[in-house]
2 protein chains.
Amino acid sequence: MLTFIGLGLYDERSVTVAGRDALRDADRAFAEFYTSRLVGADVDALEAHHGVDIEVRDRAGVEQHPEPILDGAAAGDAVFLTAGDPMISTTHVDLRLRARERGIDTRLIHGPTAASAASGLTGLQNYRFGKATTLPFPAAHGGDGVPESVGETIDANRERGLHTLVYLDIKVGEQRVGDADTDRYMTADEAADLLATHYEDTLGVAVARAGSPDPVVEADRLSALAERDFGAPLHLLVVPGDLHHLEAEALRTFGGAPDAVVDERTV
Amino acid sequence: MLTFIGLGLYDERSVTVAGRDALRDADRAFAEFYTSRLVGADVDALEAHHGVDIEVRDRAGVEQHPEPILDGAAAGDAVFLTAGDPMISTTHVDLRLRARERGIDTRLIHGPTAASAASGLTGLQNYRFGKATTLPFPAAHGGDGVPESVGETIDANRERGLHTLVYLDIKVGEQRVGDADTDRYMTADEAADLLATHYEDTLGVAVARAGSPDPVVEADRLSALAERDFGAPLHLLVVPGDLHHLEAEALRTFGGAPDAVVDERTV
């Protein structure tokens, strides 16, 4: 059996009780932290808290050489851990398909996601979000500024009055760019600065540390957000579409949005 | 302090460990189950499992008369429980704003959502979903069939190749329609039957009991799904847009989709 478990958004206690129990009962535990990570707990802390050994796999160790994971799942109860929810990337669907090809049963134990946290923390209604997008580091796509696909997503959503959740790039481990010797997480101010070249006066909402005990939500023009510092990662950025009355009120109350900036988008 | 806690998708153990601890430490616990509910645990089971008393509020008791909740939060640590994630409806943003107006601190403890479960279970990629919509019981909107707004959402998403998550109506407690004497949950086959009047040969994916130990995923033409029985609630329906190769493979493998139906949507 291969059980995919979402660890949730922050630390050892962000996993569901069902997920925690499955982790503790497993014969082997694998994990990946290249799509996201828990900012409130490292692997040692997870191992100590749950009393388990965790085998961390890099991208190649999941996508190209998943055999050790599949062997573990064929021989007993294996779990595969990710931050957030376990099925947020193609990769893990691929791993689940490969398990099934080998006749291994699979199961999902869902976790809270950054997408629902961004909606909840900002007060922007979940059913008024359109397609999400990811803003890469400029070096990562071989050009400067904002890839065309990101702008197209934001524009297409705004035409329909919808909000856009912008995931921000992370470069960890073997994905590090150039001679960087530390992991890099794009900040909401970097993202606002990139987007401000196309959408200078547009309302944006920075969300830092969603799911942690000290999340930050700040709403203002992108050009203003670009000048701020939202502290430790992980960050997200939301580009709202039209605002309903309660959404506008939430951005003012929880995000400190200036009246003038919010009023011009309220319908 | 008012802490909003998402109970997750199925039973007593679908809440995060952080959420469970906050519930158990609270001075008073309120809950609503009119937006969704846990199919694997009733209120008695939650109370017994966590050793707490839970005061269940109906819609009027949250939206129009929230004073008891706010009084509890002003006097001590109160928690407000919902299935899934706590901020999936306008109502709860409103409650959070009212708390803030009274100077009460608020906090969110996120839970897994049906939206991420639907993406994970079907293998459809989360960033390829457009705006979501809700399909109401025909009687609830005073007409027959499918409201125009639902069709518009599906069509606008499909034009961009995006998937649509269709939440299905529930009528519980005082929202029951006519002389119904039991709670009603729209099933995926009812939903497929309604949508098949406009989209007969279109691919749909029924998801039953997302987040439970026995979820069901079945992918086929809407007219075929309309003839099936997916068992106990809660159900969802997804109307896919274009399918990438891995998504098509997942719908065949995990949803039993016929090759011909999947192939015609694969890009």
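K.L.:
Describe the sheet that holds strand S7 (residues 164-168) of chain B, with residues and values.
P.N.:
Residues and elements named next belong to chain B. The 5 strands are arranged S6-S7-S12-S10-S11 in an open sheet whose pairing can be described as mixed. In this open sheet, the two strands that pair with only one neighbour each are strand S6 (133-135) and strand S11 (216-221). The sheet shows a mean angle of 25 degrees between the axes of neighbouring strands, taken without regard to direction. Pairing of strand S10 (residues 203-208) with strand S12 (residues 235-239) involves 4 bridges; the strand directions are antiparallel. Residue Ala206 lies in a different strand from S12, and its bridge partner there is Leu237. Here helix H6 (residues 114-122) sits on the sheet in contact with S7, S10, S11 and S12, set at roughly 125 degrees to S7.

K.L.:
Which residues make up the pairing of S10 of chain B, and what values do they have?
P.N.:
Within a regular strand, side chains alternate between the sheet's two faces. Residue and element names in this part refer to chain B. Counting buried positions along S10 gives 6 out of 6 residues, so the element sits mostly inside the fold. The side-chain alternation of S10 yields two buried faces, one formed by Leu203, Val205 and Val207 and the other by Gly204, Ala206 and Ala208. Two strands pair when backbone bridges link them, and S10 and S11 are joined in this way by 6 bridges, in the antiparallel orientation. If you follow Ala206 over to S11, its bridge partner there is Glu218.

K.L.:
Describe the relation of the copies chain A and chain B, with residues and values.
P.N.:
Put simply, the second copy of the chain is the first one after a rotation about an axis and a shift along it. Of the transformation superimposing chain A on chain B, the axial component is 0.0 Å and the angular component is 180 degrees, with the fit at an RMSD of 0.0 Å. Within this description, the copies of the chain are treated as partners about a two-fold rotation axis. When the interface residues of chain A are mapped onto chain B, 100% of them again fall at the interface, so both copies present the same face.

K.L.:
Mind laying out helix H7 (residues 148-159) of chain A, listing which residues take part and the relevant values?
P.N.:
All names here are of chain A. Taking 1.5 Å per residue, 12 residues should reach 16 Å; H7 reaches 16 Å between its end C-alpha atoms and fits that length. Of all the positions in H7, only Val150, Gly151, Thr153, Ile154, Ala156 and Asn157 are classed as buried. Those residues of H7 that are buried lie in contact with strand S6 (133-135), strand S7 (164-168), helix H8 (188-199) and strand S12 (235-239). Positive backbone phi, at 80 degrees, marks Gly161, one or two positions downstream of H7.

About the cut-offs
- The residue numbers shown here count from 1 along each chain, following its written sequence.
- All chains are assigned letters beginning with A, and all ligands numbers beginning with 1, in the order in which they are written.
- Since the coordinates come from a predicted model, pLDDT governs what is reported: local features require at least 70, and pairs of side-chain atoms require 80 or more to be given and counted, while whole-chain, interface and lining totals use all residues.
- Only hydrogens and water are set aside when side-chain values are computed; all heavy atoms of the structure are taken into account.
- We treat two strands as partners when DSSP finds at least two bridges between them.
- Only DSSP runs of H or I reaching four residues or more are called helices, and only runs of E reaching two or more are called strands; each is numbered from the N terminus.
- To get an axis, fit a line to the C-alpha atoms, keeping to the stretch in contact for a helix; angles then go from 0 to 180 degrees between the N-to-C directions.
- In this description, contact between two residues means that some pair of their heavy atoms is separated by no more than 4.5 Å.
- Throughout, exposure labels follow a simple rule: accessible area from a 1.4 Å probe, protein chains only, divided by the maximum for the residue type, with under 20% read as buried, over 50% as exposed, and the rest as partly exposed.
- Least squares is the method for superposing the copies, and the C-alpha atoms it fits come from residues with pLDDT of at least 70 in both.
- A helix's residues, less one, multiplied by 1.5 Å, set its expected span.

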